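Residue-level structure breakdown
Single-letter residue listing:
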Amino acid sequence: VLKHASILGDEFSENMLEAVIPEKLRSSLAESLDSLVEHGFILCIEEFPQGIFGFQNQLIRQTVYELTPPRDAAHTHLAAAHFIEKEYSKNLRPFYPSLEHHYQHSHGQRALAFKYKVKAADQAISRGAFTDGLRFAHSASKLALTKEELRVLLMVISRALRDINAVPYTHL
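For the structure given in this document, a descriptive report is provided here. (Residues numbered from 1 in each chain as written. Predicted model: local features only at pLDDT ≥ 70, side-chain atom pairs only at ≥ 80, totals over all residues. Heavy atoms only, no water.)

Our next topic: the overall build of the chain. Along the chain, the regular secondary structure elements total ten helices and three strands. The N-to-C order of helical and strand elements in the chain reads α-β-α-α-α-β-β-α-α-α-α-α-α. On the principal axes, the C-alpha backbone points of the chain span a range of 55 × 45 × 30 Å. The buried share of the chain, taken over its 172 residues, is 38%. Long-range contacts, defined here as pairs at least 24 residues apart, represent 55% of the contacts in the chain between residues at least 6 apart. Summing over all exposed atoms, the chain offers an accessible surface of approximately 10,400 Å²; the carbon and sulfur share of this is 57%. Counting 19 positive and 20 negative side-chain charges, the chain places the centres of these two groups 12 Å from one another. (Helix = DSSP H or I, 4+ residues; strand = E, 2+ residues; numbered from the N terminus. Buried < 20%, exposed > 50% of the residue type's maximum accessible area, 1.4 Å probe, protein only. Contact = heavy atoms within 4.5 Å. Areas by Shrake-Rupley, 256 points an atom, 1.4 Å probe, with all protein chains shown as cover. Lys, Arg positive; Asp, Glu negative; His and termini not counted. Charge placed at Lys NZ, Arg CZ, Asp CG, Glu CD.)

Structure, rendered in C-alpha cells:
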C-alpha cells in the first residue's frame, strides 16, 4: 500500500489509492492506512468527505518510491492517470500537472504526456505563472515528434513570450 501511495504523490486520496492498488489489497486498505498512520509513515490530513493522506516527510516517500520496481511504478502511474480522467472528467483543468506527470512515467503514453504537458503549460501561462509554464513547455518539447505537435508547442511558447512582454516593469 505504501509503495502505491508513494507513486501518487505527497498527498493522495483514499479513493485514488483504492483504485490503483491490486484487488487483493482493497479489502484491508482502511486497516493498512490506520497502521501506516499509527507507525508514523503517513498522516491523515482530512477525514471527510473523503480520506486525504500525506507522507510524514519527503525522505519516507522518496525512499519507498525509489525501491519500487520501475515496471510496477509505471503501471501505478497509468492507473492513477486513468482514475483522474474518469473521476474528474467534467473538469480536468486542475489536474493537468498530475496527468502529465503520471502519463510521463507510464510506458507507451508519450502522446498523452505531451498533451497534458502542453495543457499544463498553457494553463500556467494564462494565470501568470510563466516559469512553471515554460518548464512544462520545455518538458513537452522533449516529447514532440510531429510538426503539428511542434506547431502547438510553439503557439504556447509564443503566447508566454507575448504575455511576459506585456507585464509592466516598475522602476525603483
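On we go from here.
Moving on to the sheet that holds strand 2 (residues 42-46). The sheet built from three strands is open, its strands ordered 1-3-2 with antiparallel pairing. Both edges of this open sheet fall to strand 1 (11-13) and strand 2, since each of them pairs with a single strand only. Taken pair by pair, the neighbouring strands of this sheet meet at an average axis angle of 30°, ignoring direction. In the sheet, strand 1 pairs with strand 3 (residues 52-55) via three bridges, with the strands oriented antiparallel. Bridge pairing links Glu 11 to Gly 54 in strand 3. Taken strand by strand, helix 4 (residues 29-38) contacts strand 1, strand 2 and strand 3, and its axis lies near 110° from that of strand 2. (Pairing = 2+ DSSP bridges. Axes fitted to C-alpha atoms, helices over the stretch in contact; angles between N-to-C directions.)

Looking now at the side chain of Thr 68. Take Thr 68: it is sitting in the loop between helix 5 (58-66) and helix 6 (70-87). The residues touching Thr 68, leaving out its near neighbours within four places in the chain, are Lys 3, Ser 6, Ile 7 and Ala 73.

Another aspect to go through is the pattern of salt bridges. If the charged atoms of two oppositely charged side chains come close together, the side chains can form a pair. Inspection of the entire model under this criterion finds eight salt bridges. Its salt-bridge partner being Glu 149, residue Arg 110 comes within 3.1 Å of it at the nearest N-O pair. Placement of the pair is Arg 110 in helix 8 (residues 110-126) and Glu 149 in helix 10 (residues 147-166), with a sequence separation of 39 residues. (Salt bridge = Lys/Arg side-chain N within 4 Å of Asp/Glu carboxyl O.)

The next subject is the environment of Leu 78. Its place among the elements puts Leu 78 in helix 6. Along the sequence, Leu 78 and His 101 sit 23 residues apart, while their C-alpha atoms lie 9.9 Å from each other. Apart from residues lying up to four places away in sequence, Leu 78 is in contact with Tyr 103, Ser 106 and Gln 109.

Moving on, we get to the packing of helix 8 against helix 9 (residues 130-141). Orientation of helix 8 relative to helix 9, taken along the N-to-C sense of each, is 160°, at an axis distance of 7 Å. Between helix 8 and helix 9, the interaxial angle falls into the category roughly antiparallel. Like other packed secondary-structure pairs, helix 8 and helix 9 cross with a definite hand, here left-handed. Counted together, Phe 114, Lys 117, Val 118, Ala 120, Ala 121, Ala 124 and Ile 125 of helix 8 and Phe 130, Asp 132, Gly 133, Phe 136, Ala 137, Ser 139 and Ala 140 of helix 9 form the full contact between these two elements. Its residues assigned to classes, the contact of helix 8 with helix 9 comprises ten nonpolar, two polar and two charged. (Parallel < 35°, antiparallel > 145°, perpendicular 65-115°, else oblique. Left-handed = near helix turned anticlockwise from the far one by under 90°. Nonpolar A, V, L, I, M, F, W, Y, C, P; charged D, E, K, R; others polar.)

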